[in-house]
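# Examining the three-dimensional arrangement
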Amino acid sequence: MHLTEDQLNEYLDEATIERVQIEEHLSSCDECAARLSTLQNVFTELDSLPELELTRDLAAPFTLRPSLPAQLPKFLTLTVTLQAAVALTAIGIAIPFIANLMPSINLSAFVGVSIQLQTQWTSWLDTLSTFQLPPMPELPIVEMSSLLITLAGVSVIWILGNGLLLRNQLK
Ligand SMILES: [Zn+2]
């Protein structure tokens, strides 16, 4: 019985428990000794091969492209947050204004109001730009002007923010 490839490999790796038997066979069998030295030469040659740089990075297609942002850029996140904050402020300022325009709406049912608020929001901006406001002695002049400034600010920030978001999506 000659030695198997596995036995020779394990002997070279010094991972065999049959070391004595293998050496006995090698000393008496020229054929297996020759196979062992061939195997040894192959490993020596493999070890002496220089490490070559790949001309193509094989890992590249599997890594994230740096051009794809993992999340929205910081300034966009800031814009969206600012939009939400300004909108909340505007709604807070606007609630007495709504109550004045639409006395039929019960403010205690705020959930129902907030749903209608969005619809009212757009029609408001139209009303403000096209019609003259009805006189409202209940609201002081200072409050009125701050409301108008807030509305103007909301509109500008909203349009700018959405413009930025849209441009980011189109890229
Ligand atoms: Zn042999």
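Residue indices begin from 1 for each chain and proceed along its sequence in written order. Local features in this predicted model are restricted to residues whose pLDDT is 70 or higher, and side-chain atom pairs enter the listing and the counts only when it is 80 or higher, whereas totals over whole chains, interfaces and linings include all residues. The side-chain numbers reported here are obtained from all heavy atoms of the structure, hydrogens and water having been left aside.

Attention shifts here to the coordination of the zinc ion. Here the coordinating atoms are restricted to nitrogen, oxygen and sulfur within 2.8 Å of the metal centre, or 3.2 Å for Na, K and Ca, and because water is not among them the sites may look incomplete. Surrounding the zinc ion are the protein donor atoms His2 (ND1), His25 (NE2), Cys29 (SG) and Cys32 (SG), which sit 2.0 to 2.3 Å from the metal. Angle rules define the geometry names used: all angles between 85 and 135 degrees makes four donors tetrahedral, while opposite donors over 155 degrees apart and all other angles between 65 and 115 make four donors square planar and six octahedral, leaving every other case irregular. Coordination at the zinc ion is tetrahedral: its 4 donor atoms span angles of 98 to 125 degrees at the metal. The sequence pattern describing where the donors of the zinc ion fall on their chain is H-x22-H-x3-C-x2-C. Placement of histidine 2 in the segment before helix H1 (5–12) and of histidine 25 in helix H2 (residues 19–28) is noted, with a sequence separation of 23 residues between them. The buried category is assigned to histidine 25, whose relative accessible area is 19%. Strands here are runs of E lasting at least two residues and helices are runs of H or I lasting at least four, both read from the DSSP assignment and numbered beginning at the N terminus. Buried means the residue's accessible area, taken with a 1.4 Å probe over protein chains only, is under 20% of the maximum for its type, while exposed means over 50%, and partly exposed covers the values in between.

Let us now look at helix H3 (residues 30–48). An α-helical segment advances 3.6 residues per turn. Residues three or four places apart therefore align on the same side. With 19 residues, H3 extends 27 Å from end C-alpha to end C-alpha; this agrees with the ideal 27 Å at 1.5 Å per step. Within the span of H3, buried status applies to Cys32, Leu36 and Leu39. The buried residues of H3 occupy one face: seen down the axis, they fall within an arc of 65 degrees. Projecting away from the buried face of H3 at angles above 90 degrees are the exposed residues Asp30, Glu45 and Ser48. The elements touched by buried residues of H3 are H1 and H2. To estimate how far a helix should extend, the number of its residues minus one is multiplied by 1.5 Å. The directions from the helix axis to the C-beta atoms form the arc being described. In what follows, residue pairs with any heavy atoms lying within 4.5 Å of each other are defined as contacts.

Let us look at the packing of H1 against H2. The geometry of a pair of packed helices is captured by two quantities: the angle between their axes and the separation between those axes. Where H1 contacts H2, the axes come no closer than 11 Å and their chain directions differ by 110 degrees. With respect to their mutual orientation, H1 and H2 come out roughly perpendicular. Relative to H2, H1 is oriented so that their crossing is left-handed. Contacts from Gln7, Leu8 and Tyr11 in H1 reach Arg19, Ile22, Glu23 and Leu26 in H2. To define axes, lines are fitted to C-alpha atoms, for helices over the stretch in contact only, and angles between the resulting N-to-C directions are given on a 0 to 180 degree scale. By definition in this entry, angles of less than 35 degrees are roughly parallel, angles greater than 145 are roughly antiparallel, angles of 65 to 115 are roughly perpendicular, and the rest are oblique. Each crossing gets its handedness from the near helix: less than a right angle anticlockwise from the far helix is left-handed, clockwise is right-handed.

Looking now at the nonpolar core. Core analysis: the biggest nonpolar cluster contains 9 residues, these being Leu3, Leu8, Tyr11, Ile22, Leu26, Cys29, Cys32, Leu36 and Leu39. Elements with a contribution of two residues or more to this core: H1, H2 and H3. Per-element accounting of this core gives the leading share, 3 residues, to H3. Once residues within four sequence positions are removed from consideration, tyrosine 11 is found in contact with Thr16, Arg19, Ile22, Glu23, Leu26 and Leu36. Only buried Ala, Val, Leu, Ile, Met, Phe, Trp, Tyr and Cys residues count toward a nonpolar core, and they belong to the same one when joined by side-chain atoms within 4.5 Å.

Before going further, it helps to spend a moment on the packing of H1 against H3. Contact geometry of H1 with H3 gives a least axis separation of 10 Å together with a crossing angle of 55 degrees. As summarised for this structure, H1 and H3 are arranged oblique, according to the angle between their axes. The chirality of how H1 crosses H3 is right-handed. Contacts from Glu5, Leu8, Asn9, Tyr11 and Leu12 in H1 reach Cys32, Arg35, Leu36, Leu39, Gln40 and Phe43 in H3. Note on residue classes: Ala, Val, Leu, Ile, Met, Phe, Trp, Tyr, Cys and Pro are nonpolar, Asp, Glu, Lys and Arg are charged, and everything else, Gly too, is polar. Here the residues of the contact of H1 with H3 sort into 7 nonpolar, 2 polar and 2 charged.

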